[in-house]
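# Structural characterization, general
Residue strings, one per chain:
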Amino acid sequence: MDLLRIGVVGCGAIGREHINRITNKLSGGKVVAVSDLYVEGAHKVGDPIGATVYSNSADLVHDPDVDAIVCTTPGFAHQETLMQALEAGKPIFCEKPLTTSAEESLEIVEAEMAGGKRLIQVGFMRRYDKGYMQIKEMIDSGAFGAPLYLRCTHWNPTVDNGYTTEMAVHDTAIHEIDVIHWLVGDDYESARVIMPKQTQNKNPELKDPQLMYITCKSGIVAAIEVFVNCHFGYEINCQIVCEEGVIDLPKPAMPSYRKAGGQTTPIEQSWKNRFTHAYDRELQEWINSTRKGEVNGPNAWDGLIANVTADALVRAQTNGGQEEPIQVGPRPDFYK
Ligand code: NAP
């Protein structure tokens, strides 16, 4: 295949980022079509690059000039485009989460398996971040012994008013949910959520911060702190305590400076900057493997695991701190 001709559904924040990186940074792909419910927004990004502009995803997916799809609509709209892509037999890179419920994710998995060919990659880009790749290599080396527990933090400076308590799981912690089982190579068993004292800097309905705990089948416990109105910046931490040592996710290099009697190390303010290289690597590898007719990244089964786990955490948000079971069947050979 020459250039992979890509159609992007959803021209919002990350849609525009991905269109820009495919057009100006990556190789082997070209954005030939875009769609958005807000069609003027689609024109704004599509017209300068000569892309065909659609107002709905079905027309874009069925455009014969589109070889593959990138889906960057909000999570609740993913299922529709995923189903359209599966029906058309076209590969699709779908931003996380795969869908916003385990039931929907299962329907996607069943539809993909019925089609007999893997077509879906989910945008769990942490697996492409250099720091996460390094710490996975260290765990897998065995030099640190077995992982025992993890401490993860997901801090955001602020969120908009539409952000809900459930989104702290489905949109935010979903990254940790995916990356933790990938890092430690274990399946999840149960989930628990504790709500500590709440910040005043939020809308009254939102629970923030939240402390989430996931227990793996071998007994590994992962603590995930989500605090999305922390005000100081965007910071992701992950510490893995093992039998023979402790491994920390490296922080992105930021120059520290001395000024006015103090020493300062700035903190990133946005996810866009923190994971730029991971997004680049993730989409470049997706383009490369799609051109070869393969899906090598996180697949729909990984999306399902994340959603079953997320649903358990959402139930645990309101059950007074009790354990909620996480039940996912064994990974089918189709997804190994
Ligand atoms: P956003 O800014 O709200 O953009 C979504 C766009 O999709 C909006 O322009 C929206 O139009 C449009 N849209 C909604 N339904 C559509 C449909 N059925 N067909 C076509 N367009 C539709 O959201 P975002 O922040 O870019 O997030 C998009 C997705 O990326 C989400 O799943 C999010 O979780 C994910 N994301 C991932 C990361 C990451 O780190 N991997 C980071 C950010 C976002 P209207 O505004 O008119 O509804």
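Up top is the structure.
This write-up is about the structure you can find in this document. (Residues numbered from 1 in each chain as written. Predicted model: local features only at pLDDT ≥ 70, side-chain atom pairs only at ≥ 80, totals over all residues. Heavy atoms only, no water.)

Take the pattern of salt bridges next. What the rule picks out here adds up to 14 salt bridges. Between Asp-65 and Arg-5 there is a salt bridge, and its shortest N-O distance comes to 3.4 Å. Highlighted residues: Asp-65 in the loop between helix H3 (57–62) and strand E4 (68–71) and Arg-5 in strand E1 (residues 4–9), separated in sequence by 60 residues. A relative accessible area of 44% places Asp-65 in the partly exposed class. What makes Arg-5 partly exposed here is its relative accessible area of 30%. A salt bridge links Lys-136 to Asp-140; its shortest N-O distance comes to 3.2 Å. (Salt bridge = Lys/Arg side-chain N within 4 Å of Asp/Glu carboxyl O. Helix = DSSP H or I, 4+ residues; strand = E, 2+ residues; numbered from the N terminus. Buried < 20%, exposed > 50% of the residue type's maximum accessible area, 1.4 Å probe, protein only.)

Time to look at the site of the ligand. Taken together, 24 residues lie near the ligand, and Ala-13, Ile-14, Asp-36, Lys-96 and Tyr-279 sit nearest. Between Ala-13 and the ligand, the recorded distance is 3.0 Å, taken from a backbone N or O atom to an oxygen atom. A distance of 3.0 Å separates a nitrogen atom of the ligand from a polar atom in the side chain of Glu-95. Protein contacts shield 76% of the accessible area of the ligand, which totals 910 Å² for the unbound molecule. Placement of the ligand is best described as lying within the largest pocket. (Near = heavy atom within 4 Å. Polar contact = N/O pair within 3.5 Å; in protein donor to acceptor, adjacent residues only side chain to side chain. Areas by Shrake-Rupley, 256 points an atom, 1.4 Å probe, with all protein chains shown as cover. 1 Å grid on protein atoms, 1.4 Å probe; cavity = no way out; pocket = protein on both sides within 12 Å on 5 of 7 lines; lining within 4 Å. Sits in = over half its atoms within 2 Å of the grid points.)

Moving on: the layout of surface pockets. Rolled over the atoms, a probe with the dimensions of a water molecule shows which regions are left empty. The volume enclosed by the largest pocket comes to roughly 1300 Å³. Secondary structure elements with two or more residues in the lining of the largest pocket: helix H1 (13–24), helix H4 (78–88) and helix H7 (167–184). The biggest single contributor to the lining of the largest pocket is H7, with five residues. A breakdown of the residues in the lining of the largest pocket according to their chemical character gives 19 nonpolar, 22 polar and seven charged. (Points joined across faces, edges and corners; volume = space filled by probe spheres on them. Nonpolar A, V, L, I, M, F, W, Y, C, P; charged D, E, K, R; others polar.)

Purely geometric stuff here, so don't read any function into it on its own.
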